[in-house]
Amino acid sequence: MDHQSWDVDFSRLKSFVLYRKNLLGLFLSLIIGPAFIIIFLVFAILFLLKVPMEINDVIRYYYEMEYQEFFQVFLWVFGIISLSGILIGVLTLLQKPKPYLYFGQNLELEDVLFVIEKKYQLYLDNNRMIRYDPINSTINESKNLSEISSEKKRLLFWRDLDSKEKLKISQKTKKTKIRYQDSFRRKIRVVTITICYDEIGHVVSYSEMINSRLSGNQSIDSVKEYYFRDVNQYQRIPLPKAIQDLISSI
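Residues numbered from 1 in each chain as written. Predicted model: local features only at pLDDT ≥ 70, side-chain atom pairs only at ≥ 80, totals over all residues. Heavy atoms only, no water.

Helix and strand counts for the protein chain stand at 5 helices and 13 strands. Against the compact-globule benchmark of 18 Å for 250 residues, the protein chain has a radius of gyration of 25 Å, which places it well outside the compact range. Its C-alpha atoms put the protein chain at 80 × 45 × 40 Å along the principal axes. Counting only residues that meet the buried cut, the protein chain has 40% of its 250 residues in that class. Within the protein chain, residue pairs in contact and separated by at least 24 positions form 49% of the contacts whose partners lie at least 6 positions apart. Only carbon and sulfur atoms are counted for the fraction: they give 56% of the accessible area of the protein chain, which is about 15800 Å². Of the side-chain charges in the protein chain, 34 are positive and 28 negative, and the distance between the mean point of each set is 1 Å. (Helix = DSSP H or I, 4+ residues; strand = E, 2+ residues; numbered from the N terminus. Rg over C-alpha atoms; globule rule 2.2 N^0.38 Å. Buried < 20%, exposed > 50% of the residue type's maximum accessible area, 1.4 Å probe, protein only. Contact = heavy atoms within 4.5 Å. Areas by Shrake-Rupley, 256 points an atom, 1.4 Å probe, with all protein chains shown as cover. Lys, Arg positive; Asp, Glu negative; His and termini not counted. Charge placed at Lys NZ, Arg CZ, Asp CG, Glu CD.)

Shown next as structure tokens:
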């Protein structure tokens, strides 16, 4: 499918703040949690109905100590796991998205990106990339245009779709689903992105799920939701003083 129809929507984004929410905990709790809850409920019913149970190849009855000890340990373990799964899911669901990426223009009308991660902060314009570690107060600058371009494409995925392997695009009402592959540290990653629009076709949010394949094994690396806020409004990018000083000194 030609992705020009939805690519135009992204081209309207002259400035924005991208908020991010990690949904991996919720996703895993929805997959694993129900299985543990069902097992817990089944064995709880068996215990309440005093159904005989084969334990260590011996049929045990409700009044026997082995029966009581088995069910007490089993129900405690599966009950704690079930409650933990529910708690993780609820906490993840209630978690508020946090500012992740600021996008705007500098005085020369160049695109400027500022990324806030847990362990580092990243500033990019057309000619430089500055990485700041707020924990160790270290700062590094790169003027490698290839590295800068590659990082921008990673952060703004819609600018680099034509280069993706096995790209598939499907469109539904107010949604566009993108699926492609890439390689990362000897892993084959399958990236699935679902973009959501509002009634007039403006991009509102997108979700991203990354699955990895390595030596026949599959795993879920991340599940995240991204929300566009303050679209096409003036962006006061909260650059740390260390980055501001380095920019102004050049």
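We now examine the nonpolar core. Inside soluble globular proteins, nonpolar side chains tend to come together where they are buried. Core analysis: the largest hydrophobic core is formed by 31 residues, its most contacted members being Phe16, Leu101, Phe157, Ile195, Tyr206 and Phe228. Take this core: its biggest share by element is 4 residues, from strand 11 (residues 187–197). When near neighbours in sequence (up to four residues on either side) are disregarded, Tyr206 contacts Leu18, Phe157, Trp158, Ile193, Thr194, Ile195, Lys224, Glu225, Tyr226 and Phe228. Core analysis: the second largest hydrophobic core is formed by 11 residues, Val17, Tyr102, Ile237 and Leu239 among them. (Core = buried A, V, L, I, M, F, W, Y, C linked by side-chain atoms within 4.5 Å.)

Bringing the pattern of salt bridges into the picture now. Opposite charge on two side chains permits them to pair, given that their charged atoms come into close proximity. If you walk through the whole model with that rule in mind, you get 10 salt bridges. Linking Arg159 and Asp111 is a salt bridge whose minimum nitrogen-to-oxygen distance equals 3.1 Å. Linking Arg159 in the loop between helix 4 (145–155) and strand 9 (165–172) with Asp111 in strand 5 (residues 111–116), this pair joins segments that are 48 residues apart in sequence. Linked through salt bridges whose partners overlap, the residues forming this network are Arg60, Glu64 and Glu66. (Salt bridge = Lys/Arg side-chain N within 4 Å of Asp/Glu carboxyl O.)

The space that makes up the largest pocket amounts to roughly 1500 Å³. In terms of lining, the largest pocket is formed by 41 residues, of which the most central are Arg20, Tyr100, Glu117, Arg154 and Lys224. The set of elements that each furnish at least two residues to the lining of the largest pocket consists of strand 1 (16–22), helix 2 (24–48), strand 4 (98–105), helix 4, strand 10 (175–184), strand 11, strand 12 (203–214) and strand 13 (217–229). Examining the composition of the lining of the largest pocket, we find that 6 residues originate from one element, helix 4, more than from any other. Its residues assigned to classes, the lining of the largest pocket comprises 15 nonpolar, 6 polar and 20 charged. If you add up the space inside the second largest pocket, you get close to 730 Å³. Lining the second largest pocket are 24 residues, with Gln105, Asn106, Leu107, Val112 and Ile237 positioned closest to its centre. (1 Å grid on protein atoms, 1.4 Å probe; cavity = no way out; pocket = protein on both sides within 12 Å on 5 of 7 lines; lining within 4 Å. Points joined across faces, edges and corners; volume = space filled by probe spheres on them. Nonpolar A, V, L, I, M, F, W, Y, C, P; charged D, E, K, R; others polar.)

Relative to the assigned elements, Leu30 resides in helix 2. The spacing of Leu30 and Leu94 is 64 residues in sequence and 15 Å in space, taken between C-alpha atoms.

Relative to the helices and strands, Gln121 resides in strand 6 (residues 121–124). A relative accessible area of 15% means that Gln121 is categorised as buried. Not counting chain neighbours up to four residues away, the residues in contact with Gln121 comprise Phe114, Val115, Ile116, Ile130, Arg131, Tyr132, Pro134 and Pro240.

Next up on the list: helix 4. For helix 4, every residue scored as buried is listed here: Ile148, Glu151, Lys152 and Leu155. On an axial view of helix 4, the arc spanned by its buried residues comes to 100°, and they lie on one face. Residues of helix 4 that are buried sit in contact with strand 4, strand 5, strand 6, strand 7 (129–133) and strand 8 (138–142). Regarding helix 4, its N-cap is Asn144, as a side-chain oxygen of that residue lies 3.0 Å from the backbone nitrogen of Ser146 further along. (Arc of directions from axis to C-beta. Polar contact = N/O pair within 3.5 Å; in protein donor to acceptor, adjacent residues only side chain to side chain.)

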